[in-house]
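# Tertiary structure, described
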Amino acid sequence: MFTVSDIAAERIKEVLLAEGKPHWGLRIFRIEGGCCGPSYGMDIDEKASETDEVIEKNGLKVFMDRETFMNLSGMTLDFIDDGHRQGFVL
């Protein structure tokens, strides 16, 4: 199962609110890679498609197509802030 940490959910909700889209969600998608394999991206999205997997955490909705969901099974989306860098990590 894919999970979202509490801090990541709160930070994403802050972004959605700042964008004026508090009822939207986060889309995680796969980008085909070269020799290092696939990469993953994130964007905000108004709603899930019919074939998406939807994860909910603290009022945040995360949308992924089934293949991305399967590939990220067992992972957690987190947010780090160590004073020198900050951002979302898997």
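Refer to the structure above for everything that follows.
Residues numbered from 1 in each chain as written. Predicted model: local features only at pLDDT ≥ 70, side-chain atom pairs only at ≥ 80, totals over all residues. Heavy atoms only, no water.

### Brief notes about the sheet that holds strand β2 (residues 25–31)
Spatially, four strands are ordered β3-β2-β5-β4 in an open sheet, and the strand pairing comes out mixed. The open sheet has two edge strands, β3 (39–45) and β4 (53–57), and neither has a second partner. Averaged over all pairs of adjacent strands, the angle between their axes in this sheet comes to 25 degrees, without regard to strand direction. Contacting β2, β3, β4 and β5 (60–64), helix α1 (residues 6–18) runs over the sheet at an angle of about 95 degrees to β5. (Pairing = 2+ DSSP bridges. Helix = DSSP H or I, 4+ residues; strand = E, 2+ residues; numbered from the N terminus. Axes fitted to C-alpha atoms, helices over the stretch in contact; angles between N-to-C directions. Contact = heavy atoms within 4.5 Å.)

### Observations concerning the pairing of strand β7 (residues 86–89)
As paired strands, strand β6 (residues 76–81) and β7 are joined by four bridges and run antiparallel to one another. The residue of β7 that forms the bridge with Phe 79 is Phe 88. Between the antiparallel neighbours β6 and β7 lie four residues, among them Gly 83 with a positive phi of about 90 degrees.

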